[in-house]
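# Reading the structure
For reference, the chains in residue letters:
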Amino acid sequence: MKAALFVTSRYAGPASQTEWPVPCDTYSTERAERSMQRTLEQFRMGDEFGFDWVTCAEHHFAPMSMTPNPMVMAAALVNVVKRAKIAILGPDIPILNPVRVAEELAMVDTLSGGRVIVGLMRGSANEYVTYNINPSESRARFEEAFHIIKMAWTEPQPFAWQGRYFEFRSICIWPRPQQQPHPPIYMSTASPEAGEFAAKNHLGAGFAFTTLQIATQAARRYREYCGVYGWEPTPEHVIYRLGMHMAESDEQAIEDLTSVGGGQPAVGLSMRNKAVESAVAASGYYGRDIETQRARLQSRGEVASRIEKGQVLVGTPETVLKQVKRIRDELGAGVLDLSLAAQLGDKTLRSIELFGTKVLPRMHEL
Amino acid sequence: MSSEQAIINEAGSAARFSRKSVDIDGIGLRYREAGAGAPLVCLHGGGGLRLSRAHGILAEHHRVIALAIPGFGETPADPRLATLADFATLLNRAVAALGLERYSLMGHGLGAGLALAMALARPDPVDAIVLIAPVAIRPTRPAGGKVGSDMLYVHPERHGAAEPLPASVAALQAETASLLFRAFEDEAFEAGLKALQVPVLSLFGTVDRVTPTDLARLYRTALPSSYIAMVYDAAHAIDAERPEAVASIAADFLARRERFIVSSDIGLINP
């Protein structure tokens, strides 16, 4: 198994935890700069302690994640992270210009010597407000944008694209991806529709902000679809994202995590603005499995219950290794994408070190 | 429903295609015509004359003339037509007989090859050429040869499936198509394309298994003034699958030719 270190680039300072968009009236440029430096330091440590990948993601208008363009963060990481793959999980392609996404990903892949892992996302419900895109078109825009990006990476001659949602008269990107024909591609496959699309297009599957039980069901469905389309995914085709905090004792790790609200915000980004969330839900954004999708986004609880649901790895190396094995056994994930409790200062750094030195070597043997 | 009514419905627009014919050396060449404006001469593919909504939309601003190639459907085969040049000469004479001084060509499948052959034989009056899922440059044929309706359409729900042809018509069409496919595999024809100065836009459907998007680059490099476009989510009958998408880029190319790569869309939202 492999492990990725996901650092969200959280703003370290007072800000609303219950609204979206989050007003900037408490914003401090100094704190923001320190937050960015801390983020880079956490990524650097992840590389130093042997994490296989480092991960960044796209979110907008919120202090939880100050990477509205994850490709910019990835470019900044090229010389900070010397060895690990740089996983961009990922751009929210229905709300973006897909040609620009193809260009930026190819650029970072070239800058990094071919270390980019790509996750193409639809984004959370609130992201559709960001650039004023109708969420009812989200899935169709995603699918078309995916095909544009792939063709922009692989077609050597200038071509026009006559789509439904996108129209371009001439596409011929430079640089090309360093990894030929293109970097590994994943997508979020929580919903049945996404599972089938990923299987049909030979993409990896990602599960995030969910429970082990829900992800296991979705992964089973994804593997069944892969069978229908005539191929069998490897464990590395499945990424599972969850929280992680380690300490010298289980009690200490739980206490640390509890002190920062369990390592997750009281209300997830998608659910903070009820008007936005309900409008997006009514648009059909969640697809045919809407109840499961909304329930997983609202899943909250005490640390103990989150451990039980497979939402977080917490404890000493021995304890965490058991939790890792359980995820491997139930879900069959080959990559765990670990989101830090980033605001614990030295304890966060110690947690990275403990995972890297005590858990990762044994995980690699699984 | 009359057959003419069926054609109008198929075309899906107000443009009314009337049935006509022109006689060239005793060959009664049948064609359908609608609209007014800059003439656009259309050549069908191996399945015979088939109008789509794209033709109807184009007829709103063009005089659209869709020829039935000898050996396909209503126009009989003729033993005097043995080479690509024979077909091109006959079709060019038909266009001249219709009084067209300047025109553009649009060809689907093997009709794309014929459109190129017509322009090679008589380039001066041709303003622009649009090729749809072209079968003109090697490798030309799909594996196995036969193009079933599952290869023509991935979205029959959008346009209705085409009526199956009578067996005798289908057999004659297949024979003529085969003759033309062989004729395209000709070095002199391909060499001639390299000198063709008429601007050409070639459209490929992203889910077309007959002429897949990988072939587009051949057209881009074989012709001096050549543009390729991928029509998303369309199989081989691209114009039936995505009529608005085909008509919109074709009309823009016919109107502006090479300059079509620069957008002329209005971006202003709230003046």
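Once a new chain begins, its residue numbering starts again from 1 and follows that chain's sequence as written. Here the convention is simple: chains get letters from A, ligands get numbers from 1, in the order in which they are written. Totals for whole chains, interfaces and linings use every residue, but because this is a predicted model, local features are given only for residues with pLDDT of at least 70 and side-chain atom pairs only at 80 or more, for both listing and counting. Water and hydrogen atoms were dropped before computing side-chain values, which therefore reflect all heavy atoms in the structure.

Looking only at helices and strands, one finds ten helices and eight strands in chain B. Between the two quantities, the radius of gyration covers C-alpha atoms and the globule rule is 2.2 Å times the number of residues to the power 0.38. In summary, chain B has a C-alpha radius of gyration of 17 Å against a globular reference of 18 Å for 271 residues, a match within 12%. A principal-axis box enclosing the C-alpha atoms of chain B has dimensions of 65 × 50 × 40 Å. Between two residues, a contact is recorded if the distance between any of their heavy atoms is within 4.5 Å. Pairs at least 24 residues apart make up 74% of the contacts formed inside chain B by residues separated by at least 6 positions. Per-residue accessibility takes into account occlusion by the displayed protein chains alone, with areas from the Shrake-Rupley method and a 1.4 Å probe. Surface exposure of chain B reaches about 11500 Å², of which carbon and sulfur atoms provide 53%. Side-chain charges in chain B split into 25 positive and 29 negative, and the spacing between the mean points of these groups amounts to 2 Å. Put simply, DSSP marks the helices as runs of H or I at least four residues long and the strands as runs of E at least two long, and each gets a number from the N terminus on. Under the convention used here, Asp and Glu are negative, Lys and Arg are positive, and both His and the chain ends fall outside the count. Each charge is placed at NZ for Lys, CZ for Arg, CG for Asp and CD for Glu.

Quick look at the overall build of chain A now. What chain A contains, in helices and strands, is 14 helices and eleven strands. Over its C-alpha atoms chain A spans a radius of gyration of 19 Å, differing by no more than 12% from the 21 Å that the globule rule assigns to 366 residues. Restricting the contact set of chain A to residue pairs at least 6 apart, pairs at least 24 apart contribute 74%. Taking the 39 positively charged and 41 negatively charged side chains of chain A as two groups, their mean positions are separated by 2 Å.

The subject of this paragraph is the pairing of strand 9 (residues 238-246) of chain A. All names here are of chain A. For strand 9, the tally of buried residues reaches nine of nine residues, placing the bulk of the element in the interior. The pairing criterion for strands is at least two bridges between them, as found by DSSP. Pairing geometry for strand 9 and strand 11 (residues 335-340), over six bridges, is parallel. Across the sheet, residue Tyr240 finds its bridge partner in strand 11, namely Leu336. Pairing of strand 9 with strand 10 (residues 312-315), which is carried by four bridges, proceeds in the parallel orientation. Bridged to His245 within strand 10 is Val314. Accessible area is worked out with a 1.4 Å probe on protein chains only. A residue is then buried under 20% of its type maximum, exposed over 50%, and partly exposed in between.

Residue and element names in this part refer to chain A. Pairs were defined over the aromatic rings of Phe, Tyr and Trp, the Trp ring being its six-membered one, requiring ring centres within 6.5 Å. Orientation was assigned from the angle between planes: stacked under 30 degrees, edge-to-face over 60, tilted for the rest. Applying the stated criterion across every chain yields a total of 15 aromatic pairs over all chains. With 5.4 Å between their ring centres and 15° between their planes, Tyr11 and Tyr27 make a pair best called stacked. Note that Tyr11 is positioned in the loop between strand 1 (2-6) and helix 1 (29-48) and Tyr27 in the loop between strand 1 and helix 1, a separation of 16 residues in sequence. Judged by centre distance (6.4 Å) and plane angle (85°), the rings of Tyr222 and Trp231 are edge-to-face. Of the two residues examined, Tyr222 and Trp231, each falls in the buried class.

Bringing the environment of Thr213 of chain B into the picture now. Take Thr213 of chain B: it is sitting in the loop between strand 7 (200-205) and helix 8 (216-222). The class of Thr213 of chain B is buried, set by a relative accessible area of 12%. In this structure, the C-alpha to C-alpha distance between Thr213 of chain B and Leu105 of chain B, residues 108 residues apart in sequence, is 22 Å. Beyond its immediate sequence surroundings of up to four residues, Thr213 of chain B is in contact with Met151 and Glu155 of chain A together with Phe204, Gly205, Thr206 and Met230 of chain B.

Time to look at the sheet that holds strand 5 (residues 159-162) of chain A. Spatial strand order, 6(A)-5(A)-8(B)-7(B)-6(B)-5(B)-3(B)-4(B)-2(B)-1(B): ten strands in an open sheet with mixed pairing. One side of each edge strand has no neighbouring strand; the edge strands of this open sheet are strand 6 (167-171) of chain A together with strand 1 (18-24) of chain B. Mean inter-strand twist for the sheet, computed between neighbouring axes without regard to direction, equals 25°. In terms of strand pairing, strand 1 of chain B meets strand 2 (residues 27-34) of chain B through seven bridges, oriented antiparallel. From the neighbouring strand, Ile24 of chain B faces strand 2 of chain B, where its bridge partner is Ile27 of chain B. Axis definition: a line fitted to C-alpha atoms, over the contacting stretch in the case of helices. Angles run 0 to 180 degrees between N-to-C directions.

All right, on to the packing of helix 2 (residues 70-77) of chain A against helix 3 (residues 98-111) of chain A then. All names here are of chain A. One can describe the packing of helix 2 onto helix 3 by two numbers: an axis separation of 9 Å at closest approach and a directional angle of 10°. With respect to each other, helix 2 and helix 3 are oriented roughly parallel. For the pair helix 2 and helix 3, the contacting residues are Met71, Ala74 and Ala75 in the first and Val101, Glu104, Leu105, Val108 and Leu111 in the second. Note on residue categories: nonpolar means Ala, Val, Leu, Ile, Met, Phe, Trp, Tyr, Cys or Pro, charged means Asp, Glu, Lys or Arg, and polar means any other residue, Gly included. In the contact of helix 2 with helix 3, the residues fall into seven nonpolar, no polar and one charged. By the definition adopted for this analysis, an angle is roughly parallel if under 35 degrees, roughly antiparallel if over 145, roughly perpendicular if from 65 to 115, and oblique otherwise.

Mapping Gln162 of chain A onto the fold places it in strand 5. On the basis of relative accessible area, Gln162 of chain A is assigned to the buried category, the value being 1%. We define a polar contact as two N or O atoms separated by no more than 3.5 Å, with the added condition that, inside protein, one atom must be a possible hydrogen donor and the other a possible acceptor, whereas residues neighbouring each other in sequence contribute only through side-chain atom pairs. A polar contact of 3.2 Å, which involves the side chain of Gln162 of chain A, links it to the side chain of Ser248 of chain B. If near-sequence neighbours (up to four positions away) are discounted, Gln162 of chain A is found in contact with Glu167 and Arg169 of chain A together with Met230, Val231, Tyr232, Arg242, Ala245, Ser248 and Ile249 of chain B.

Turning our attention to the interface of chain A and chain B. Contacts between the two partners involve 17 residues from chain A and, on the opposite side, 20 residues from chain B. As a working definition, buried area equals the accessible area (1.4 Å probe) given up by two parts on being put together, with both sides summed. When chain A packs against chain B, the two sides together hide about 1600 Å² of surface, and 54% of this comes from carbon and sulfur. Contact with chain B buries surface across chain A, with Gln162, Arg164 and Arg169 of chain A losing the most and accounting together for 43% of the total. What counts as a salt bridge is simple: a side-chain nitrogen of Lys or Arg found within 4 Å of a carboxyl oxygen of Asp or Glu. On the surface where chain A and chain B come into contact, there are three salt bridges. Arg169 of chain A is the partner of Asp252 of chain B in a salt bridge, and the nearest nitrogen-oxygen pair spans 2.8 Å. Taken together, the connections running from chain A to chain B amount to 14 residue pairs in polar contact (both at pLDDT 80 or more). Every element with two or more residues in the side of chain A that touches chain B is listed here: helix 5 (138-154), strand 5 and strand 6 of chain A.

The next point concerns the environment of Met36 of chain A. Looking at where Met36 of chain A falls in the secondary structure, it is placed in helix 1. Apart from residues no more than four positions distant in its own chain, Met36 of chain A is found in contact with Met66 and Met73 of chain A.

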